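# Chains, contacts and geometry: an overview
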Amino acid sequence: QVELVESGGDSVQAGGSLRLSCAASGDTDSNRCMGWFRQAPGKEREGVASLYTGGGSPYYADSLRGRFTISQDNAKHTLYLQMNGLRPEGTGMYYCAATGPGLGCYAEGAFSYWGQGTRVTVSS
């Protein structure tokens, strides 16, 4: 079991930056895939970025590559999402998610644990 708590959401102007954090508790010893998803108002949830906590290259949505960076601090059991060059279409709820132990970053359906989300609003 993993509990996830996001923070860092805020209101910013277009072009601004935010860093989201996701604090994990519970079974933090097992390697797994952890990721960020977002859901814009009236739209389906989409994947933003993910990484396998045991190592390897992170994954990014093609449209966000180069502006967003996912990282982890294993000592703090915390996942981060640095977002630069934010655009109004980036407005929405951002969720942290984790798979079961040992699972890689293959599909959204593999993510069993979800946080409550943190809201990001980007104004033009």
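Right above here is the structure, for reference.
First things first, this report covers the structure right here in the doc. (Residues numbered from 1 in each chain as written. Predicted model: local features only at pLDDT ≥ 70, side-chain atom pairs only at ≥ 80, totals over all residues. Heavy atoms only, no water.)

### Considerations on the environment of T121
Relative to the helices and strands, T121 is located in strand β11 (residues 118-123). Taking the C-alpha atoms as reference points, T121 and N74, 47 residues apart in sequence, are found 28 Å from one another. (Helix = DSSP H or I, 4+ residues; strand = E, 2+ residues; numbered from the N terminus.)

### Let's talk about the state of the cysteines
Simply put, the disulfide is a covalent bond whose two ends are the sulfur atoms of two cysteines. Throughout the structure, instances matching the rule amount to two disulfides. Shown here is the disulfide that connects C22 with C96, its sulfur atoms set 2.1 Å apart. The S-S bond linking C22 to C96 shows a torsion near -75°; that makes this disulfide left-handed. Pair noted here: C22 is in strand β3 (residues 18-26) and C96 is in strand β9 (residues 92-99), with a separation of 74 residues, a long-range link. Each sulfur in the disulfide pair C33 and C105 lies 1.9 Å from the other. (Disulfide = S-S within 2.5 Å.)

### Overview of the sheet that holds β3
As summarised here, the arrangement of the four strands in space is β1-β3-β8-β7, forming an open sheet in which the pairing is antiparallel. The outermost strands of the open sheet, each flanked by one partner alone, are β1 (2-7) and β7 (68-73). Pairwise comparison of adjacent strand axes, ignoring direction, gives a mean angle of 20° for this sheet. Sheet analysis places β7 next to strand β8 (residues 78-83), joined by six bridges and oriented antiparallel. If you follow I70 over to β8, its bridge partner there is L81. (Pairing = 2+ DSSP bridges. Axes fitted to C-alpha atoms, helices over the stretch in contact; angles between N-to-C directions.)

### Remarks on the nonpolar core
Counting residues in hydrophobic clusters, the biggest one holds 26 residues, and the most contacted among them are L4, W36, L81 and M83. At the level of secondary structure, the elements contributing two or more residues to this core comprise β1, β3, β4 (33-39), β5 (46-52), β7, β8, β9 and β11. The biggest single contributor to this core is β3, with four residues. Excluding anything up to four places from it in sequence, M83 contacts G16, S17, L18, L20, R67, F68, Y94 and V120. (Core = buried A, V, L, I, M, F, W, Y, C linked by side-chain atoms within 4.5 Å. Buried < 20%, exposed > 50% of the residue type's maximum accessible area, 1.4 Å probe, protein only. Contact = heavy atoms within 4.5 Å.)

### A closer look at unusual backbone geometry
The phi angle at H77 is positive, at roughly 55°, despite the residue not being glycine. Note that H77 resides in the loop between β7 and β8. A relative accessible area of 33% places H77 in the partly exposed class.

### Structural notes on the pattern of salt bridges
This model, assessed by the stated rule, comprises four salt bridges. Linking R32 and D27 is a salt bridge whose minimum nitrogen-to-oxygen distance equals 3.0 Å. When its relative accessible area of 3% is taken as the criterion, R32 is described as buried. One salt bridge connects R65 with D62, and the closest N-O pair in it is separated by 3.4 Å. (Salt bridge = Lys/Arg side-chain N within 4 Å of Asp/Glu carboxyl O.)

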